Every structure is written in C-alpha cells, then in structure tokens.
Amino acid sequence: MIPAEWLDEAAVTLANRVQTTPLTHDPEWNLYLKWENQQTTGSFKLRGAVNKVLSLLPWEQQRGLVAASAGNHGQGVAWAAKQVGAPVIIFASDHAVPAKVDAMRALGAEVRLVPGGYELAEQTAQQYALEHNQTWISPYNDARVIAGQSTLAMETIQQVPEIPEICLVPVGGGGLIAGFGLTFSRLARRPRLVGVQSEASPFFHAIFHQGSQQGVTELPSLADGLSGAVEEGSITVPIVKNYVDDLVLVHEEDVEQAIAVAWQRWGQKIEGSAAVALAAILNEKVTQRPALVILTGGNIQPEIHRQILAKHAAPRED
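All of these numbers come straight from a predicted model, not from anything done at the bench.

Criteria and thresholds
- Residues numbered from 1 in each chain as written.
- Predicted model: local features only at pLDDT ≥ 70, side-chain atom pairs only at ≥ 80, totals over all residues.
- Heavy atoms only, no water.
- Core = buried A, V, L, I, M, F, W, Y, C linked by side-chain atoms within 4.5 Å.
- Buried < 20%, exposed > 50% of the residue type's maximum accessible area, 1.4 Å probe, protein only.
- Helix = DSSP H or I, 4+ residues; strand = E, 2+ residues; numbered from the N terminus.
- Contact = heavy atoms within 4.5 Å.
- Arc of directions from axis to C-beta.
- Polar contact = N/O pair within 3.5 Å; in protein donor to acceptor, adjacent residues only side chain to side chain.
- Salt bridge = Lys/Arg side-chain N within 4 Å of Asp/Glu carboxyl O.

## Here's the deal with the nonpolar core
Ranked by internal contacts, the top residues of the largest apolar core, which has 34 residues, are Leu168, Trp266, Ile270 and Val293. Listing elements by their share of this core, those giving two or more residues are β2 (31-35), β7 (166-170), β8 (192-198), β9 (246-250), α11 (252-266), α12 (272-282), β10 (291-295) and α13 (302-311). In this structure Val293 touches Leu31, Tyr32, Leu33, Lys34, Leu168, Ala277, Leu278 and Ile281, once residues within four positions along its chain are discounted. In this structure, Phe44, Val169, Val237 and Leu292 belong to the second largest nonpolar core, which totals 28 residues.

Right, here's the structure in full:
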C-alpha cells in the first residue's frame, strides 16, 4: 500500500501548482458535482503527473520523460516537464482525439502516434523508455501518481458541507479511484465509493467482479481516456479491491446523454471519460442521495461535442 504520508506530501507539493476546482450543489437532484474539467490542462491527470515528475531526482528528469496517453495524462506530463525543463515523448494511439494530440504538442511534448489502440501505445512507450534509459511516467501504476490523484479527493472532502452517501468516480487504470479510496479510508465516516466504466471498455470491471480481464472485448468509446487493458500487476488492483465498494458499467448512449445534460443543465463541457460518472446517475444505476459526482475532464473534440448536443437537444416547450 501507499504510505499515508505520501498523500500528505502530495497535497503540499501541489499546493499553488494546480487549480482548486469548483464544487457545486444541485438541490433538486441532490447532487454534489466536482468540476475537475476546469483544471489546468482540462483534466485531473495533471495532479498525478506533476506530483510524480516533481518527486524525481534532477538526473531522472533530465534524461527524458516518456509516457503513454489518450491525451490527458500526456498533457499533464508535458506541463510538468515544462516546469523542470525536461524533454518529454508521449506515445498515443493513432486513434487519439486530435484536440488532445494538438494540446500535448502545444505544451512542448514530442508525440508519437502508434497504430492501434491505447494498450499497444503503452507497451511501445514502456519498451522505448527501457531501451533508451529514459524515465517512464505511468498514468496510474505508480504510487506517486496515485498520491497526486488523491489530492482531488482531499480537496473535494474539504468543499462538501456534508459527507455524501455515495461517490461516483470514473475508472480506467484505477489511479484516481485508488486515490479516493486511500483518502476516504482516513475518514471517520466515508461515502460508499463506486467506480464507473463504459461497457465498451470494461477491463477493470472484469478484474473487480471476475478476478481477470482475460477475454474482455473492447469497442470504440466516447470515454477514450478510460480505454485499454489494465497493466498486469498494477498496484491499483489491490487498492481498488480493498477500498472500492462496487464498479458499474454504463452504455455509450448514457455517456452521450450525460455530456448533453452537463451542458444543458449546468453549462459545463465534459468529455466522455468524465461523463460516465454522471451517466450512472441518469440511468439510475445509482439511486442513493446525496451523491458526489466527480467530473474528471473536459477535453472533448469540439465537433463531437456539437454533434452530441444536436442529437440530444432538449425538446422545446410550446
């Protein structure tokens, strides 16, 4: 497990380096909504990346950083690399969201596109880092990354006026929900902690409920940041099994609807990876209240966002 003091150290490291993002309450729906889409780089991934990069020794930074990303982790690593003057190479799938690829490059990263899905990009990146003696920055399978993500949980708990009955967190490799689990374990009374994935990429769901991700079929998903198999032996797996109460799946149509509702009801642009948590509320997979919903990012391709809003336009009242 990760030492508790590492969580506290991460909070100190990230103070004044990341944004304190807003939390709002919707009294009609009895929801608390944490808008991490308003974070610098548009995603919670900045927290873990910055905490990891700043924990490295100078020689580990300067020999070069390597990461694999669907886009958000890569932006976080690139932003952190700029703070320490380190070179960085990001490997991404050639199916990655173009806006995210452009954002990584704008932050100074060299982006190498790998034919195929995220899993192959990650394998290629790890091999490259090993062969070229550069520093690998995992998006989730790293104690310092998880400690960085835990600061989102700490911040949120400080903002809510009451401990909610349930907290919904998007899950890909499990780094964020692991951070929430470790943080909640320190509370006298903790919310029920539930992870959410799209049924199009249910790898962690299979690990959680069946003990293995073997045989899982992956389909294209709007929740691109949650896609791909979980690295074998990832430290997130035992943490999630220890501290997470359940992991549920939502349909892609639910994800679309959640993106539209976030804009129509609260004026917030969220990406598919963030929308899964809200989707679990809208489709009533989760009915407990008050509920805390973690909206993890807002880096959606603009034309995709417009298409979803047009498709799910609220009907006019005559």
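## Considerations on helix α1 (residues 4-14)
Those residues of α1 that fall on the buried side of the exposure criterion are Leu7, Ala10 and Leu14. Buried residues of α1, viewed axially, fall in a sector of 55 degrees; they line one side. Taken together, the buried residues of α1 touch α2 (45-55), α7 (143-159) and α8 (175-184). Phi turns positive, to about 70 degrees, at Asn16, one or two residues after α1.

## Focus: the environment of Tyr32
By the element assignment, Tyr32 lies in strand β2. For Tyr32 and Gln257, which are 225 residues apart along the polypeptide, the C-alpha to C-alpha distance reads 19 Å. Here Tyr32 is in contact with Leu23, Thr24, His25, Val160, Pro161, Glu162, Pro290, Ala291, Leu292 and Val293, once residues within four sequence places are set aside. Side chain to side chain, Tyr32 and Glu162 meet in a polar contact 2.6 Å long.

## Section: the pattern of salt bridges
Close approach of charged atoms allows side chains of opposite charge to pair. Evaluation of the coordinates by the stated rule reveals 15 salt bridges. A salt bridge links Arg265 to Glu28; the shortest N-O distance between them is 3.0 Å. In this pair, Arg265 sits in helix α11 while Glu28 sits in the loop between β1 (23-26) and β2, placing the two residues 237 residues apart along the sequence. Residue Glu28 is classed as exposed on the basis of its relative accessible area of 65%. Put simply, Lys311 and Glu256 hold a salt bridge, and the shortest N to O gap is 3.0 Å. Of this pair, Lys311 sits in helix α13 while Glu256 sits in helix α11, and the two are 55 residues apart along the sequence. Members of the salt-bridge network, linked through shared partners, are Lys34, Glu36, Arg47 and Glu155.

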